[in-house]
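Per-entry structural report
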Amino acid sequence: MKNFSTWLLVCFMVMYWVFRIIVAIMAQLHQEFFIAPFDLTIEIILLFVVLLCLVLVVKRKMAGALIYLLAYGMYFGSDVVTKMTAIFEDASQVGINDYTTLIISLIGIILPIAVLLDLLADKNRKAHPKDKKTDWFYKNEQYDRKLDERADKNNYRTM
């Protein structure tokens, strides 16, 4: 993880994961919190899946970002659709709690998309890396090595 954007996204992933842990704990303890999980069992399973995805994203594996997007997309996607249709149909019937859960769900959708785009952008850099320490020599035609007649006559054996 050499990119600053990757570090930021992983930090946001961890912060959102910790937030979802707090939401699950508060729901389990039956305490009032400004947001409640949609399904506590799926929420707990999703926390462990996201922990696995977090490790895979840090290791720069595309499977981690895809699983992360699929899991959060399925979990938060239905809530985003239902809340958006409720807002478009009759905004006067929608309360502040619905807007809060909509924003939290949108963050849950946008974050995996950003992680996936970051990994896709980094794949091109991995395929064509640039090393400033050596590219000035090897990528410059002025410093191309020319072989002379002595180059192929040295047959050294390694034991």
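Heads up: the structure comes first, above all this text.
Described below are features of the structure shown in this document. Just so you know, the residues in each chain are numbered from 1, in the order the chain's sequence is written. With pLDDT at 70 or above as the cut-off, local features in this predicted model cover only qualifying residues; side-chain atom pairs require 80 or more to be listed or tallied, and sums for whole chains, interfaces and linings still use all residues. To obtain the side-chain values, all non-hydrogen atoms of the structure were included, while hydrogens and water were left out.

1. Some words on unusual backbone geometry
Defined as follows: A run of H or I in DSSP becomes a helix once it reaches four residues, and a run of E becomes a strand once it reaches two; helices and strands are each numbered from the N terminus. For every residue, the accessible area (1.4 Å probe, protein chains only) is compared with the maximum for its type, and the residue is labelled buried under 20%, exposed over 50%, or partly exposed between those bounds.
Positive phi values are uncommon outside glycine, yet H30 reaches one of about 60°. Of note, H30 is situated in the loop between helix 1 (4-28) and helix 2 (40-58). For H30, a relative accessible area of 72% puts it in the exposed group. The phi dihedral of R60 falls on the positive side, at around 65°, and the residue is not glycine.

2. Thoughts on helix 2
Applicable threshold: One less than the number of residues in a helix, times 1.5 Å, gives the span that helix is expected to have.
Spanning 19 residues, helix 2 covers 27 Å between terminal C-alpha atoms, matching the ideal 27 Å at 1.5 Å per step. A positive phi of about 65° marks R60, the residue just after helix 2.

3. Considerations on the pattern of salt bridges
Going by this rule: Here a salt bridge means any side-chain nitrogen of Lys or Arg lying within 4 Å of a carboxyl oxygen belonging to Asp or Glu.
The full count for this structure, using the stated rule, is 3 salt bridges. Between E43 and R20 there is a salt bridge, with its nearest N and O atoms 2.8 Å apart. A residue pair is termed long-range when its members are at least 10 positions apart, and E43 in helix 2 and R20 in helix 1 qualify at 23 residues. The exposure class of E43 is buried, given its relative accessible area of 1%. Of the charged contacts, one joins D79 and K83 as a salt bridge, the two residues approaching to 3.1 Å between their closest N and O atoms. With D79 and K83 both in helix 3 (residues 62-89) and 4 residues apart, this pair spans about one turn of that helix.

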